[in-house]
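# Architecture and fold: a report
Residues per chain are reported as follows:
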Amino acid sequence: MEGLPFLPGNTFKDPTQQKYHVSQTLGYKNGYCTTKRPTLAVGGRSLHYNQLSAKELDHLANYNPTLTYGQARQAPPEDFIPAHVAWDKKVLKFDAYFKQTVHESPNEHYRVRHVVFYYYLEDDSIAVMEPQVDNSGMPQGPMIKRQRLPKNDRGDNWHWKDLNVGINVSFYGKVFRVISCDKFTSDFLESEGIIVNPPETAPADPYIENRRRVEALPTYKTKSAYDAKKQFLELDRRVLRFYAMWDERKHMFGENREFVIQYYLADDTLEVLEVRKPNNGRDPFPLLVRRQRVPRDRNAYPSSFPIVAMELTQEEVKEYITPKDLMVGKTVDIYARRFLIYDCDNFTKAFYYQHFGITDFRPVDVAEKVEEVPRMEIPPYNNYGTLEDSLQSCLSFTPKPPKRDVVKAMENNLKVLRFEAVLDSMKPEDAGRRFIISFRLADDMLTVYEPPVRNSGIMGGKFLQATQPCKPGSTPENPDYYGPQDFYKGAMVEIFGHRFIITNADAFVVEFMEKNAHQFPPATIQSLKETVSRPLTREDKERDKYVRVQRTPGDLQQLVGQVKAQLKKVAIIDKPRVDEMFLRYDRERSGYLSADNFRDICRRLQLPVDDDVLHALIRECTDDPQGRIGLEDFRRFLET
């Protein structure tokens, strides 16, 4: 069995084997654990192995495979890694501080300023940063920018081997004390064989500690007795208010002046305020006596006190004014001024009733009899000029013209209401005299014109120039002028003693009254409407027949060009009001102007336009078949 090869099927298990122990491969020599080669196999069987002889061991020791097989192939060299790649983004961080001497402040002698060192391994550069501290008053941030820092005069630079915790380092003459570092820095230095010193603590800054101690919220325990703080908490915002008078009429130009004394219960202080009156001739000072504790007797101080050089303090003043000294009817002396208290408010009355039991608070009568100021009397109207012009000479030394209603004048420009009237007179020579009364809506002026009649013996023409007469019975203080509503058929208008009776009116008057029906009584409109709309007689037709103009070829185009040129001049002079003009005549807010609206614009600008000229202008403005003019067409017509 022993000579058979060690192949599957040629090995057999010994059925009599009962021990399966494994030989021990550990041994102890001089107290140390050592290994030893086992001599027995599993179960205690002998282990066969080849033991080399001394000759074979010498041969193996001197065996050189190069002499037998030739030179072996050389292994390729390892890849070169530069320092800026190997040490990229690997930075050592140290915490340090330095002391800065302070010469110009009596509160501190030195400051402790904390900094951070960053050592960059890739190029051995160092950056010194100072963290930001709130309200420090010093520029902080980068103290030394990233660079290689010189170590000595021989040209050596600081290296990471020179840095450790608990040492002093000098950068550009400033000494820093390193107190700690982060974990990465500690692990790196220890891996390089440097023993890192234990961290230290930075000394406290005396000034910062003093500020923290001062800014800390103090805690107090309120005393059981009544003290100033308890008085403030209980009586804050509770003020006694007294009304007093200071009588200084015994002095030259003196008078009886009113003041308000306010006593603050929270700290037993008072202030004196002057009651301001308009046109009293004094500067508006806010306070006469500022809020303070006022001594009861300011002259009660020791005779040895140097009052010339020093002010009174609590050591010299023993008694101050209290609520017992301030009551209605008493006179209190405040810095050599005697104030008579004549009244107080309701809170003050309630306070004195609760604490002193006083119920009599009758005010003292201090009212003075004031002479009545003479009123300005307006003299009677002397019939020279208008009433407003005469009144201006009574109101100021330099008479000014009365103000006009500019908006009314612009809206009613060139609008005149014409009425026909007869003179109501008992004289036989005045019978049959006809007058034309023109009422201008722009300024409510009246003009009376008498048409001349041949062989009547009376010179016609202007009977009364433009004026604004008052109605009979009106006064200069409250004048009552004639208005459009006072003119109707049968109305009597008295102007400077002459009485006129209205008999007829223009068609424009009826048209204006119908458009503004809310301003006129219906009876007035109806009376004039019946008079104006009566059928014309043969004489009226012969007198008022229409005049037809015979135009030659080219006249129409010339007239249209002249009217258009005048409208363009108005648009250039008053360009911002083009839209306002459009909206003023577009009363219905339809967005269009009709032919009548366009005719009103021309009349307002004093441009007499016939129907054929008007239609020609509208055809140039718009292509609308109904003759409506839009806002854009209106702008283009006036601006182009």
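Rules behind the numbers
- Residues numbered from 1 in each chain as written.
- Predicted model: local features only at pLDDT ≥ 70, side-chain atom pairs only at ≥ 80, totals over all residues.
- Heavy atoms only, no water.
- Helix = DSSP H or I, 4+ residues; strand = E, 2+ residues; numbered from the N terminus.
- Buried < 20%, exposed > 50% of the residue type's maximum accessible area, 1.4 Å probe, protein only.
- Contact = heavy atoms within 4.5 Å.
- Areas by Shrake-Rupley, 256 points an atom, 1.4 Å probe, with all protein chains shown as cover.
- Pairing = 2+ DSSP bridges.
- Phe/Tyr/Trp six-rings, centres within 6.5 Å; stacked < 30°, edge-to-face > 60°.
- Arc of directions from axis to C-beta.
- Polar contact = N/O pair within 3.5 Å; in protein donor to acceptor, adjacent residues only side chain to side chain.
- Axes fitted to C-alpha atoms, helices over the stretch in contact; angles between N-to-C directions.
- Salt bridge = Lys/Arg side-chain N within 4 Å of Asp/Glu carboxyl O.
- Core = buried A, V, L, I, M, F, W, Y, C linked by side-chain atoms within 4.5 Å.

### Some remarks on the overall build of the protein chain
Across its full length, the protein chain carries 17 helices and 22 strands. Expressed as a percentage of the 640 residues in the protein chain, the buried residues total 27%. Counting contacts in the protein chain only where the partners sit at least 6 residues apart, residues at least 24 apart contribute 47% of the total. Approximately 47,300 Å² of the protein chain is accessible, and the part contributed by carbon and sulfur atoms is 52%.

### Structural notes on the pairing of strand β19 (residues 492–495)
Because side chains alternate across β19, one face comprises the buried residues V493 and I495, and the other comprises M492 and E494, none of which is buried. Two elements, β19 and strand β20 (residues 498–505), share four bridges in a ladder whose sense is antiparallel. Residue pairing for β20: I495 is matched across the bridge by H498. Between β19 and β20, which pair antiparallel one after the other, the connecting turn spans two residues, and F496 there sits at a positive phi close to 50°.

### Here we look at the packing of aromatic side chains
Applying the stated criterion across every chain, the model contains 22 aromatic pairs. On the basis of an interplanar angle of 90° and a centroid distance of 5.7 Å, the ring pair of W87 and F188 is categorised as edge-to-face. Residue W87 is located in the loop between α3 (83–86) and β3 (91–101), and its partner F188 is located in helix α4 (residues 183–191); the two are separated by 101 residues in the primary sequence. Accessibility expressed as a relative area gives 31% for W87, which makes it partly exposed. Taken together, the aromatic side chains of F98, F117, W158, F171 and F176 make up a single cluster linked through ring pairs.

### What about helix α7 (residues 346–356)?
Taken residue by residue, α7 has T348, F351 and Y352 as its buried positions. Looking straight down α7, one finds its buried side chains confined to an arc of 95°; they lie on one side. Exposed and oriented more than 90 degrees from the buried face of α7 are N346, Y353 and Q354. Buried residues along α7 sit in contact with β9 (239–247) and β14 (337–344). Taken from the residues just after α7, G357 is the one with a positive phi, measuring 70°.

### Digging into the environment of Q262
Mapped onto the elements of the fold, Q262 is located in strand β10 (residues 256–264). Q262 gets classed as buried once you look at its relative accessible area, which sits at 11%. Remark: the alpha-carbon pair of Q262 and L240, spanning 22 residues in sequence, is separated by 5.6 Å. Once you skip the residues sitting within four places of it in the chain, Q262 turns out to touch V239, L240, R241, T269, L270, E271 and L273. Polar side-chain contacts of Q262 include one of 2.8 Å to the side chain of E271.

### Quick look at the sheet that holds strand β5 (residues 125–130)
Strand pairing in a sheet is mediated by backbone hydrogen bonds. Such pairs are either parallel or antiparallel. Ordered in space as β6-β5-β4-β3-β8-β7, the six strands form an open sheet in which the pairing is antiparallel. Two strands close off the open sheet at either side, each with one partner strand: β6 (141–147) and β7 (168–171). The sheet shows a mean angle of 30° between the axes of neighbouring strands, direction not considered. Inspection of the sheet shows strand β4 (residues 110–120) paired to β5 by five bridges, in the antiparallel sense. What sits directly across from F117, in β5, is V128. Of the strands in this sheet, β3 and β8 (174–181) touch α4, which is tilted by about 110° from β3.

### Let's talk about the pairing of β14
Bridge analysis of β9 against β14 gives five bridges, and the strand direction is antiparallel. Looking at β14, one finds that Y243 is bridged to D343. As judged from the four bridges shared by strand β13 (residues 331–334) and β14, these two strands associate in the antiparallel manner. Within the sheet, the bridge partner assigned to I334 lies in β14 and is R337. Between β13 and β14, which pair antiparallel and follow one another directly, the connecting turn spans two residues, one of which, Y335, has a positive phi of 50°.

### Some points on the pattern of salt bridges
Following the criterion strictly, the structure yields 30 salt bridges and no others. Of the charged contacts, one joins R111 and E108 as a salt bridge, the two residues approaching to 3.3 Å between their closest N and O atoms. Here E108 falls in the buried class, since its relative accessible area comes to 8%. In this structure, the salt-bridge partner of K183 is D187, at a minimum N-O distance of 2.9 Å. Placement of both K183 and D187 in helix α4 is noted, with a separation of four residues, approximately one turn of the helix. Taken together, the shared-partner salt bridges connect E248, E255, R257, E274 and R282 into one network.

### Here we look at α4
Every buried residue of α4 is accounted for by T185, S186, F188 and L189. End-on, the buried residues of α4 take up no more than an arc of 165°, which puts them together on one face. Exposed side chains of α4 directed beyond 90 degrees from the buried face belong to K183 and S191. Residues of α4 that are buried make contact with β3 and β8. Of the residues trailing α4, G193 is marked for its positive phi of about 90°.

### What about the nonpolar core?
Core analysis: the biggest nonpolar cluster contains 26 residues, and F419, I437, F487, F500 and I502 have the highest contact counts within it. Among the secondary structure elements, those contributing two or more residues to this core are β15 (416–423), β16 (434–440), β17 (445–450), β19, β20, α10 (507–515) and α11 (522–532). Those residues in contact with I502, other than ones at most four positions away along the chain, are F419, E420, A421, I437, F487, Y488, K489, G490, A491 and V493.

### Some details on the sheet that holds strand β11 (residues 269–274)
Pairing in this open sheet of six strands is antiparallel, and the strands run β12-β11-β10-β9-β14-β13 from one edge to the other. Of all the strands in the sheet, just β12 (289–292) and β13 have a single pairing partner and so form its edges. With strand direction ignored, the average angle separating the axes of adjacent strands in the sheet is 35°. Strands β9 and β14 of the sheet are contacted by α7, whose axis makes an angle of about 110° with β9.

### With respect to unusual backbone geometry
Even without a glycine there, the phi angle at Y172 is positive, about 55°. Structurally, Y172 is set in the loop between β7 and β8. On the basis of relative accessibility, which here comes to 51%, the residue Y172 falls in the exposed class.

### Topic: the environment of M410
Structurally, M410 can be placed in helix α9 (residues 406–411). Expressed as a C-alpha distance, the spacing of M410 and A442, which sit 32 residues apart in the sequence, is 7.2 Å.

### Description of the environment of R37
By the secondary structure assignment, R37 is in the loop between β2 (32–35) and α1 (54–61). Residue classification places R37 among the exposed positions, given a relative accessible area of 61%.

### Looking at the side chain of N164
Within the secondary structure, N164 sits in the loop between β6 and β7. Polar side-chain contacts of N164 include one of 2.9 Å to the backbone oxygen of I195. Among the polar contacts listed, one links the side chain of N164 to the backbone nitrogen of N197, at a separation of 3.3 Å. When neighbours within four sequence positions are excluded, N164 is seen to be in contact with V178, I194, I195, V196 and N197.

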